[in-house]
Amino acid sequence: MSILKEATPFILMTILQIEEVGITTLGKAAMNKGMSNFVFVVYYNALGSLLLFPFCLYNAFRGKRVPLTISLLSKFLFIGFIGIGMVQICLYAGISYSSPTLATAILNLIPVFTFILAVIMGMEKLEIRKGSSQAKCIGTITAIVGAMVVTLYKGPTLITQMPSTPNKLFAQSSNWPLGGLLLLIGSLLGTIGYIVQATVARECSDATLLVFFCSFFGAVFAGVTSLFLEKNPNSWILHDNIEIVAIISAAITTTIFRNAVVTWCLRIRGPVYVATFKPFSIVIALIMGLSFLKENLYLGSVLGSIAIIAGFYAVLWGQAREMDSVANIISKSEILRDQKVSLLNNTN
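Please read all numbers here as calculations on a predicted model, not as lab measurements.

Trainee: What is the right way to read the overall build of the protein chain from this model?
Mentor: Of regular secondary structure, the protein chain possesses twelve helices and two strands. For the protein chain, the sequential pattern of α-helices and β-strands runs α-α-α-α-α-α-β-α-α-α-α-α-β-α. In the protein chain, buried positions account for 45% of the 348 residues. Here the contacts in the protein chain between residues at least 6 apart in sequence split such that 91% fall between residues at least 24 apart. Here the protein chain displays about 18,000 Å² of accessible surface, and carbon together with sulfur accounts for 70% of that area.

Spelled out as structure tokens, the structure:
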């Protein structure tokens, strides 16, 4: 029983990575079938909000009601605008121009962007003489170079997919650099959204309410944006089963399953443990892309992904070292305090 208990976080995080890549793959397949990426973002966020609403009511009736002040609602609105609406529009537009593999690789830059923004905003001090800071700097540069490689350089084809019959589901990427640029913008905006959401989470004790309002405002923003950018009214009509499956799957897994798993694993194992699983999604995306979307595998994708993974773990290692240092300092200070208390008691 203890073995199962220890293995549960690993199993859940592995399933989560498969699920996240699966959603992007499903979304790509649906968009290849003709579904607008704007429509996809609007529908799945709206459905996700609808699914979360009963849970919000349940928490409210249980006495977990959070006061909805103007300040808190404005922060929800900002997260929905930046962290949900703009991010997902950029991400799925990028996926429509490129592939889930590229998207998964570039999304691993979020910890790197977080580190850069934290330094710029003064939230984190950069002490270049420390090994941890050096690791984070080297990791940041390596990951950014990897992102440039995977975006701008395809290189020779390592595995060529030749579908026997033409099928729009297996359509190849149309504009790799543009897709990569949109994905980079989405990742940067997502980083800003995460930073703001982390601060708002301290004010809002109900995580379900936070996700509900962010998803709701994200759907509203994406809907308003789509009215200007999506010119074809027929785009709002779902024509294929895969479009319906993609929307329902994204709504359920993104708003409910992912939120529950990440929250639980953060509490049980901590943020470093959760973050270490992220690069595995690149391997999963490569396998799914080759198997289901019949994508070609390029040398640039492999080299860039390796660089991003290496940079990711370097930044993660530096952060872990700093966390250990802080923990050691706190532990030593507590020991010294206990010793002083003991000496005072002995003196008395």
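Trainee: How should the confidence of the model for the protein chain be read in this particular structure?
Mentor: Put simply, the protein chain has an average pLDDT of 76, and 81% of its residues get 70 or more. In the model, residues 164–173 has pLDDT below 50 throughout and makes 21 contacts with residues more than four positions away in sequence or in other chains. This model gives residues 326–344 a pLDDT under 50, and the stretch forms zero contacts once residues within four places in sequence are excluded.

Trainee: Is there a simple way to explain a nonpolar patch on the surface in this structure?
Mentor: On the surface, a cluster of nonpolar side chains totalling about 600 Å² of accessible area is made up of Phe216, Val220, Val224, Leu227, Phe228 and Leu229. Considering the arrangement of structural elements, one finds Val220 in helix 8 (residues 207–229).

Trainee: When you look at the packing of helix 3 (residues 70–97) against helix 8 in this model, what are you seeing that I'm missing?
Mentor: Relative orientation of the contacting elements helix 3 and helix 8 amounts to 55°, with a least axis distance of 7 Å. On the basis of the axis angle, helix 3 is oblique to helix 8. Between helix 3 and helix 8 lies a crossing of right-handed hand. Here Leu73, Phe76, Leu77, Ile79, Gly80, Phe81, Ile84, Gly85, Met86 and Ile89 of helix 3 come into contact with helix 8, specifically with Leu210, Phe213, Cys214, Phe217, Gly218, Phe221, Ala222 and Thr225.

Trainee: Please clarify how the environment of Lys75 should be interpreted in this entry.
Mentor: Mapped onto the fold, Lys75 is located in helix 3. Lys75 sits in the partly exposed class, given a relative accessible area of 28%. Between the C-alpha atom of Lys75 and that of Gln197, which follows or precedes it by 122 residues, the distance is 8.4 Å. Setting aside residues no more than four positions away along its own chain, Lys75 makes contact with Val200 and Glu203.

Rules and cut-offs
Residues numbered from 1 in each chain as written. Predicted model: local features only at pLDDT ≥ 70, side-chain atom pairs only at ≥ 80, totals over all residues. Heavy atoms only, no water. Helix = DSSP H or I, 4+ residues; strand = E, 2+ residues; numbered from the N terminus. Buried < 20%, exposed > 50% of the residue type's maximum accessible area, 1.4 Å probe, protein only. Contact = heavy atoms within 4.5 Å. Areas by Shrake-Rupley, 256 points an atom, 1.4 Å probe, with all protein chains shown as cover. pLDDT = per-residue confidence, 0-100. Patch = residues over 30% accessible without salt bridge, like charges linked within 9 Å, V, L, I, M, F, W, Y side chains within 5 Å. Salt bridge = Lys/Arg side-chain N within 4 Å of Asp/Glu carboxyl O. Axes fitted to C-alpha atoms, helices over the stretch in contact; angles between N-to-C directions. Parallel < 35°, antiparallel > 145°, perpendicular 65-115°, else oblique. Left-handed = near helix turned anticlockwise from the far one by under 90°.

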